[in-house]
Amino acid sequence: MPARDLREWIALLEREGELRRIAAEVDPHLEITEIVDRVVRTGGPALLFENPQGSERPLLINQFGTERRMCLAFGVEKLDDVAAKLADVLEMQPPEGLAAKVRGLRTLKSIADSRPSVVRKGPSQEIVLRGDDVDLGLLPVQTCWPGDAAPFITLPAVITHDPRTGTRNVGMYRLQVLGPRSTAMHWQIHKDGRADYLFSEDRLEVAVALGLDPITTYSASAPLPKHIDELMVAGFLRGEPVELVRGVSVVIEVPARAEIVLEGYIEKGEVAQEGPFGDHTGYYTPAEPFPVFHVTAMTMRHDAIYPSIVVGKPPQEDAWLGKATERIFLPAVKMTVPEIVDYDLPVAGAFHNLVIVSIRKAFPGHALKVMHAIWGLGMLSLTKGIVVVDAHVDVHDYAQVMFYVGANVDPKRDVVISEGPLDHLDHAPTLQFVGGKIGIDATAKSPAEGAREWPAEIEMSPEIRELVNRRWSEYGI
Ligand SMILES: Cc1cc2nc3c(=O)[nH]c(=O)nc-3n(C[C@H](O)[C@H](O)[C@H](O)COP(=O)(O)O)c2cc1C
Ligand SMILES: [Mn+2]
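Each chain has its residues counted from 1, running along the sequence as written. Starting at A for chains and at 1 for ligands, labels are handed out in the order in which the entities are written. Under the rules for a predicted model, residues below a pLDDT of 70 receive no local features and side-chain atom pairs below 80 are neither given nor counted, while totals for whole chains, interfaces and linings still include all residues. With hydrogens and water excluded, all non-hydrogen atoms of the structure serve as input to the side-chain values.

*Asks:* Talk me through the overall build of the protein chain; I want residue IDs and the actual numbers.
*Replies:* Labels follow the DSSP assignment, with helices taken as runs of H or I lasting at least four residues and strands as runs of E lasting at least two, numbered in each case from the N terminus. Counting its secondary structure elements, the protein chain contains 13 helices and 23 strands. We compute the radius of gyration over the C-alpha atoms and compare it with the globule rule, which gives 2.2 Å times the number of residues raised to the power 0.38. Computed over its C-alpha atoms, the radius of gyration of the protein chain comes to 24 Å, within 12% of the 23 Å expected for a compact globule of 477 residues. For the C-alpha atoms alone, the extent of the protein chain along its principal axes is close to 75 × 55 × 50 Å. Exposed residues in this analysis have more than 50% of their type's maximum accessible area, buried residues have under 20%, and partly exposed residues fall in between, with area computed by a 1.4 Å probe over protein chains only. Counting every position in the protein chain, which comprises 477 residues, the buried fraction comes to 53%. Throughout, a residue-residue contact means that at least one pair of heavy atoms, one from each residue, lies within 4.5 Å. Restricting the contact set of the protein chain to residue pairs at least 6 apart, pairs at least 24 apart contribute 70%.

Rendered as structure tokens:
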């Protein structure tokens, strides 16, 4: 059974020895960041700050900070097991034979049962504050870094609907607190929430859920195609639908078991300066105008727990949200580019800066084809640098990758400089949003690609390996 909500998840973490409660009074202004930064870097536990200074609500952080906790969240041994579940659906073929048909039906049923279910009442609405009673100051919102403009809500699930089609979207977009009843809405230009906003005529209703079961929280950060409802995917990955309840002041259904929900609207064209904010790029992103979110109602549990995350110079807690996406989306990437064997988005590359990809190379120029495919694929299109290696290279072993980049590349022949869209937050390009791309073809080249005869790689023969295995103890080494 997956955790139904944040509480069940916290209980699971505690049972597994993965959570520490901190009773000391700690300041959400910078102090929590410094503590978490140290704990994340040593692979330490999730932290529940029971007495954040200035708030009666506890603050949970570092719930996702290790591979083990990420696997616990999904109830799997390794993150590739989550991917396998999705691959089953993506790779569904017309079934042959009864057993395959039954299996196919089961898969179809699990998709059909993934849609959220609407319930009449939920604990997320135990307390209802409306109008002037709304006060974001009730929450222990962190100011993460010294140069941050204000406190930022960093782990929200922002729910909107496409005004044309009604399709729901859930995205994780940080919210800078502007006042007791308003925040900025930091959806970047490539994001689905922003598209909903652009399609709205005057007002777009918005609901923000804080404190969810870990899979639903993760789903808000997943780069799904616009028309796919993140809550449906969360239901599929959980094996149980997400429960929703009608909002108290908006025509949006909100998670029934959330800790806290902010309901409100965004007026088309109303913007405020957002930032600076110490971002996952490792730098402060400068102030930029973003839409203003007006909170018309704030609902909560009686003893609501506020969830937070700190991003900054990698590695931080979000590394594991990113790695989950890397693994979970591999089958979908392979659907479009089947020659891809595996890929790795290094945490130190902040995910959009570098992709290492291994391919089953079948024709001259194949590595170039794959580079351009990645530069045209969903959010991967924002990738700045791509390294392509042959199928046998382990893309997760950076020393191995470096070896082939050094050994197999003639920079004049094998480096592609291209251009295209770049991450909203990338400060390096001359222009914001668009700039250079680099592709490095580190595969073995053929004469058809202008190479001389390619030498053989050194490897010991299997017989001798076997012999040494057998005799190892005799050597006394
Ligand atoms: C901790 C964390 C914070 C994030 N903050 C933002 C943000 O402020 N703005 C943004 O556009 N994307 C942010 N993202 C990335 C988006 O959540 C991600 O691109 C997601 O796919 C957006 O949903 P969408 O595809 O429905 O637009 C963040 C991701 C994480 C893990
Ligand atoms: Mn989306």
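*Asks:* An account of the site of ligand 1 is needed here, citing residue identities and associated values.
*Replies:* In the vicinity of ligand 1 lie 18 residues, with Asn-169, Met-172, Tyr-173, His-186 and Asp-192 positioned nearest. Contacts to ligand 1 include Asn-169, whose side-chain N or O atom sits 2.9 Å from an oxygen atom. Side-chain atoms alone can form a polar contact between residues adjacent in sequence; in general such a contact is a pair of N or O atoms within 3.5 Å, and within protein one must be able to donate a hydrogen while the other accepts it. Ser-221 is positioned with one of its backbone polar atoms (N or O) 3.4 Å from an oxygen atom of ligand 1. The protein chains hide 87% of the 630 Å² of surface that ligand 1 would expose on its own. Elements with a contribution of two residues or more to the shell around ligand 1: strand E8 (168-171) and helix H7 (214-221). What makes a residue near a molecule or strand is one non-hydrogen atom of that residue sitting within 4 Å of it. Where accessible areas are quoted, they stem from the Shrake-Rupley method and a 1.4 Å probe; at the residue level, only the protein chains shown are allowed to cover.

*Asks:* Now, about the environment of Asp-27: what can you tell me, with residues and values included?
*Replies:* With respect to the secondary-structure elements, Asp-27 resides in the loop between strand E1 (19-26) and helix H2 (31-41). Sequence separation between Asp-27 and Asp-192 is 165 residues; the distance between their C-alpha atoms is 34 Å. The residues touching Asp-27, leaving out its near neighbours within four places in the chain, are Ile-32 and Gln-53.

*Asks:* How would you sum up the packing of helix H4 (residues 80-90) against helix H9 (residues 318-336)? Please name residues and give values.
*Replies:* The angle between the axes and the distance between the axes are what describe a pair of packed helices. Think of each axis as a best-fit line through the C-alpha atoms, taken over the contacting stretch in the case of a helix, with angles from 0 to 180 degrees between the N-to-C directions. Interhelical geometry of H4 versus H9 gives an angle of 35° and a closest axis separation of 6 Å. Once H4 is placed against H9, the crossing between them reads as right-handed. Across from Asp-80, Val-82, Ala-83, Leu-86, Ala-87 and Leu-90 in H4, the residues of H9 making contact are Arg-327, Ile-328, Pro-331, Ala-332 and Met-335. Residue composition of the contact of H4 with H9, grouped by class: nine nonpolar, no polar and two charged. Crossing handedness is read from the near helix: turned anticlockwise from the far helix by less than a right angle, it gives a left-handed crossing, and turned clockwise, a right-handed one. We call Asp, Glu, Lys and Arg charged. Ala, Val, Leu, Ile, Met, Phe, Trp, Tyr, Cys and Pro are nonpolar, and the rest, Gly among them, are polar.

*Asks:* Any details on the pattern of salt bridges? Residues and values, ideally.
*Replies:* One side-chain nitrogen of Lys or Arg within 4 Å of one carboxyl oxygen of Asp or Glu is enough to make a salt bridge. Scanning all chains against the criterion turns up 36 salt bridges. Taking the shortest distance from any N to any O, the salt bridge between Arg-69 and Glu-18 comes out at 2.8 Å. Taken together, the positions of Arg-69 in helix H3 (residues 67-74) and Glu-18 in the loop between helix H1 (6-15) and E1 put the pair 51 residues apart, joining distant regions of the chain. Of the residues examined, Arg-69 reaches a relative accessible area of 0% and is grouped as buried. Exposure remark for Glu-18: the relative accessible area of 11% places this residue in the buried category. One salt bridge connects Glu-274 with Arg-174, and the closest N-O pair in it is separated by 2.8 Å.

*Asks:* Can you tell me about the pairing of E8, naming the residues and giving the values?
*Replies:* Of the two faces of E8, the one lined by Arg-168 and Val-170 and the one lined by Asn-169 and Gly-171 are each fully buried. With four bridges connecting them, strand E7 (residues 157-161) and E8 associate as antiparallel partners. Following the sheet pairing, Val-158 is matched in E8 by Gly-171. Any two strands between which DSSP finds at least two bridges are classified as paired. Linking E7 back to E8 in an antiparallel pair, the connection comprises six residues, with Gly-166 at a positive phi of about 85°.

*Asks:* Summarise the packing of aromatic side chains; cite the residues concerned and give the values.
*Replies:* Aromatic ring pairs are defined here through the distance separating the ring centres and the angle between the ring planes. Aromatic rings from Phe, Tyr and Trp, with only the six-membered ring used for Trp, were paired whenever their centres fell within 6.5 Å, and each pair was classed as stacked if the ring planes differed by under 30 degrees, edge-to-face if by over 60, and tilted otherwise. For the structure shown, the criterion picks out six aromatic pairs. An angle of 50° between the planes, with centres 4.4 Å apart, marks the rings of Phe-152 and Phe-277 as tilted. Pair noted here: Phe-152 is in strand E6 (residues 152-153) and Phe-277 is in strand E15 (residues 277-278), with a separation of 125 residues, a long-range link. The residues Phe-152 and Phe-277 share a single accessibility class, namely buried. On the basis of an interplanar angle of 80° and a centroid distance of 4.8 Å, the ring pair of Phe-403 and Tyr-404 is categorised as edge-to-face. Accessibility expressed as a relative area gives 8% for Tyr-404, which makes it buried. In this scheme, the term charge over a ring applies when either NZ of a lysine or CZ of an arginine sits within 6 Å of the ring centre and within 35 degrees of the ring normal. Directly above the ring of Phe-236 sits Lys-85, whose terminal nitrogen or CZ lies 5.1 Å from the centroid.

*Asks:* Requested: an account of the side chain of Asp-229, with residues and values cited.
*Replies:* Looking at the element boundaries, Asp-229 is found in the loop between H7 and helix H8 (230-238). Of the residues examined, Asp-229 reaches a relative accessible area of 13% and is grouped as buried. A polar contact is formed between the side chain of Asp-229 and the backbone nitrogen of Leu-231, at a distance of 2.9 Å. Not counting chain neighbours up to four residues away, the residues in contact with Asp-229 comprise Pro-116, Arg-168 and Val-170.

*Asks:* Can you lay out the sheet that holds strand E22 (residues 415-421) for me, pointing to particular residues and giving the numbers?
*Replies:* The sheet built from five strands is open, its strands ordered E19-E20-E21-E23-E22 with mixed pairing. Each having just a single partner strand, strand E19 (340-344) and E22 make up the two edges of the open sheet. Going across the sheet, the axis of each strand differs from the next one's by a mean of 25°, ignoring polarity. Relative to strand E23 (residues 434-441), strand E21 (residues 385-390) runs parallel, the two sharing four bridges. Note on E23: the bridge partner recorded for Gly-385 is Ile-438. Where helix H11 (residues 398-408) meets the sheet, its contacts fall on E19, strand E20 (354-359), E21 and E23, and the angle it forms with E21 comes to roughly 85°.

*Asks:* Talk me through the sheet that holds strand E2 (residues 46-52); I want residue IDs and the actual numbers.
*Replies:* With mixed pairing, the four strands of this open sheet are ordered in space as E1-E2-E3-E18. Strands with a single pairing partner mark the edges of an open sheet, and in this sheet they are E1 and strand E18 (306-307). Summarising the sheet, E1 and E2 pair through six bridges and their orientation is parallel. By the bridge assignment for E2, Ile-22 is matched with Phe-49. The strands that H1 touches are E1, E2 and strand E3 (59-61); relative to E1, the one it contacts most, it runs at about 105°.

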